[in-house]
Amino acid sequence: MTAAIEAVRRGMARTGQTGEVDVEVQTVTEAAEALDAEARWIMLDNMPLADIEQVVKIRAGRADAPRILLEASGTVRLDSVRAIAETGVDLISVGALTHSAPALDLTMLVTTGPVPCPR
């Protein structure tokens, strides 16, 4: 994690780009490493509630805690969102809104000439 974050920062510096590094982690160990590497936006992907709570506590003990955003994502459901919010994360993303939404089948008919107006 640290090597990847540092490589991104070196690449940004080489090209004159600026911005914060955000990372996606799946374990408490990865999250702690991202915090130590000074990532400013950490997405906690598919983490159990207890792990999310642990990462929030780790962040709370840091002097730079107010500058770090924690986002919970993956397997977020309507019945779990309140418990996730109560852990103290800053953001919650719900991918199911886009990747699990039912499709709507629309048909568009194109005709030439005047279109009759329904009365």
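Since the structure is predicted, the reported quantities are computational estimates derived from the model, not experimental observations.

Visitor: Is there a simple way to explain the overall build of the protein chain in this structure?
Guide: When its secondary structure is counted, the protein chain shows five helices and four strands. Reading the protein chain from its N end, one meets helices and strands in the order α-β-α-β-α-β-α-β-α. Projecting the C-alpha coordinates of the protein chain onto the three principal axes gives extents of approximately 70 × 45 × 20 Å. Per-residue burial for the protein chain yields a buried fraction of 28% across its 119 residues. Residue pairs at least 24 apart in sequence account for 44% of intrachain contacts in the protein chain once pairs closer than 6 positions are excluded. Only carbon and sulfur atoms are counted for the fraction: they give 57% of the accessible area of the protein chain, which is about 8,400 Å². For the protein chain, the centre of its 11 positive side-chain charges and the centre of its 17 negative side-chain charges are spaced 5 Å apart.

Visitor: What's the story with the nonpolar core in this structure? I'm lost.
Guide: Nonpolar side chains in soluble globular proteins generally cluster together in the buried interior. Counting residues in each nonpolar core, the largest one holds 22 residues, and the members touching the most others are Val23, Val25, Ile42, Leu44, Leu70 and Val89. Looking at this core, the elements with two or more residues in it are β1 (22-25), α2 (28-36), β2 (41-45), α3 (49-60) and β3 (69-73). Looking at this core element by element, the count peaks at four residues for α2. Once you skip the residues sitting within four places of it in the chain, valine 25 turns out to touch Met1, Glu30, Ala31, Ala34, Ile42, Met43, Leu44, Asp45 and Met47.

Procedures and definitions
- Residues numbered from 1 in each chain as written.
- Predicted model: local features only at pLDDT ≥ 70, side-chain atom pairs only at ≥ 80, totals over all residues.
- Heavy atoms only, no water.
- Helix = DSSP H or I, 4+ residues; strand = E, 2+ residues; numbered from the N terminus.
- Buried < 20%, exposed > 50% of the residue type's maximum accessible area, 1.4 Å probe, protein only.
- Contact = heavy atoms within 4.5 Å.
- Areas by Shrake-Rupley, 256 points an atom, 1.4 Å probe, with all protein chains shown as cover.
- Lys, Arg positive; Asp, Glu negative; His and termini not counted.
- Charge placed at Lys NZ, Arg CZ, Asp CG, Glu CD.
- Core = buried A, V, L, I, M, F, W, Y, C linked by side-chain atoms within 4.5 Å.

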